Amino acid sequence: MAMSISTLSSSFSSLSFSSQISQKPYSLSLPHSSKSLQFSKTKSPSLTVVATALADPLTADLETSNLEKYVKSRLPGGFAAQTLIGTGRRKCAIARVVIQEGTGKFIINYRDAKEYLQGNPLWLQYIKVPLATLGYETSYDVFVKAHGGGLSGQAQAISLGIARALLKVSEDHRKPLRKEGLLTRDARVVERKKVGLKKARKAPQFSKR
């Protein structure tokens, strides 16, 4: 069962080990293969960043100050000193309107009307209807000081103020403006809340038992 030492030594001598150690420490040199490795370069997807520039607040302030100077130059003595003036009201909104001969500009609280009314087509239509009814879209400039309520109420108040100011231009404008209902003060307001109810008329749920 036991193997002799001579047999083991002869078997070890028949085996040969080959190692290639480079002169650099801690590095092994591998034999070069005949086949060359090919690496394919793939382009990484490009990332496109689109940045939108916000309106500079300084620029907006400059525009407002320029419009304020323009309005004061057009209205010497302020709104109260003008002759073609009308006051309109709607809900909680009050608008003082001055019209002057011009090219059809609308300036509300020293800002362009489209900017002030946030580009809403319905609100812009409200303020243009009185002049359009008489065919004066490009004949008068409109200057407005409005406060109270929301933008919708202010737009309707401006419409009434323009109609009343146009009456001071000529009394003949009354008939077409009245026909379109532009001289009627809309008296509808929010109904007050009642005691014991949730809102003006909404009652809590009824329970029989």
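Residues numbered from 1 in each chain as written. Predicted model: local features only at pLDDT ≥ 70, side-chain atom pairs only at ≥ 80, totals over all residues. Heavy atoms only, no water.

**Looking at the sheet that holds strand β2 (residues 93-101)**
Spatial ordering of the open sheet is given by β1-β2-β5-β3-β4, a layout of 5 strands whose pairing is mixed. Each edge of the sheet is formed by a strand with only one pairing partner; in this case those strands are β1 (85-90) and β4 (111-112). Here strand β3 (residues 106-108) runs beside β4; their pairing, made up of 2 bridges, is antiparallel. Paired with Ile-108 across the bridge in β4 is Arg-111. Lying on the sheet, helix α5 (residues 151-169) is in contact with β1, β2, β3 and β5 (140-147); it crosses β1 at an angle near 150 degrees. (Pairing = 2+ DSSP bridges. Helix = DSSP H or I, 4+ residues; strand = E, 2+ residues; numbered from the N terminus. Contact = heavy atoms within 4.5 Å. Axes fitted to C-alpha atoms, helices over the stretch in contact; angles between N-to-C directions.)

**Looking at the pattern of salt bridges**
A complete count under the given rule lists 8 salt bridges for this structure. The salt bridge involving Asp-141 is made with Arg-74; its shortest N-O contact spans 3.1 Å. Within this pair, whereas Asp-141 is found in strand β5, its partner Arg-74 is found in helix α2 (residues 57-74), the two being separated by 67 residues in sequence. The pair formed by Asp-141 and Arg-74 is uniform in burial state, with each residue classed as buried. Of the charged contacts in the structure, one is a salt bridge between Arg-111 and Glu-115, with a shortest N-O distance of 3.6 Å. (Salt bridge = Lys/Arg side-chain N within 4 Å of Asp/Glu carboxyl O. Buried < 20%, exposed > 50% of the residue type's maximum accessible area, 1.4 Å probe, protein only.)

**Some points on the side chain of Ser-159**
Tracing the chain through its elements places Ser-159 in helix α5. On the basis of relative accessible area, Ser-159 is assigned to the buried category, the value being 10%. Reaching out from Ser-159, the side chain makes a polar contact with the backbone oxygen of Tyr-126 at a distance of 3.3 Å. Setting aside anything within four residues of it in sequence, one finds Ser-159 in contact with Tyr-126, Pro-130 and Leu-182. (Polar contact = N/O pair within 3.5 Å; in protein donor to acceptor, adjacent residues only side chain to side chain.)

**Things to note about the nonpolar core**
If you look at the biggest cluster of nonpolar residues, it comprises 29 residues, and the most contacted ones within it are Val-97, Ile-127, Val-142, Val-144, Ile-158, Ile-162 and Leu-177. Those elements that provide at least two residues to this core are β2, β3, α3 (113-116), α4 (121-134), β5 and α5. In terms of residue count, the dominant contributor to this core is α5 (8 residues). Once you skip the residues sitting within four places of it in the chain, Ile-127 turns out to touch Phe-106, Ala-113, Leu-117, Ala-155, Ile-158 and Ile-162. (Core = buried A, V, L, I, M, F, W, Y, C linked by side-chain atoms within 4.5 Å.)

**Topic: the confidence of the model for the protein**
In low-pLDDT segments, the atomic positions of the prediction should not be examined closely. Counting all residues, the mean pLDDT for the protein is 82, and 72% of those residues have values of 70 or more. Note on residues 16-37: pLDDT is under 50 here. Beyond four places in sequence and across chains, it has 4 contacts. Across residues 49-54 the pLDDT falls below 50, and counting only partners more than four positions away or on other chains, this stretch makes 0 contacts in the model. (pLDDT = per-residue confidence, 0-100.)

**What about the pairing of β5?**
Among the 8 residues of β5, 6 are classified as buried, and the element is accordingly described as predominantly covered. The sheet contact formed by β2 and β5 spans 8 bridges and is antiparallel. Each bridged residue has a counterpart across the sheet, and for Gln-100 the counterpart in β5 is Asp-141. Direction of pairing for β3 relative to β5: parallel, over a ladder of 3 bridges. Looking at the pairing, Ile-108 lines up with Val-144 of β5.

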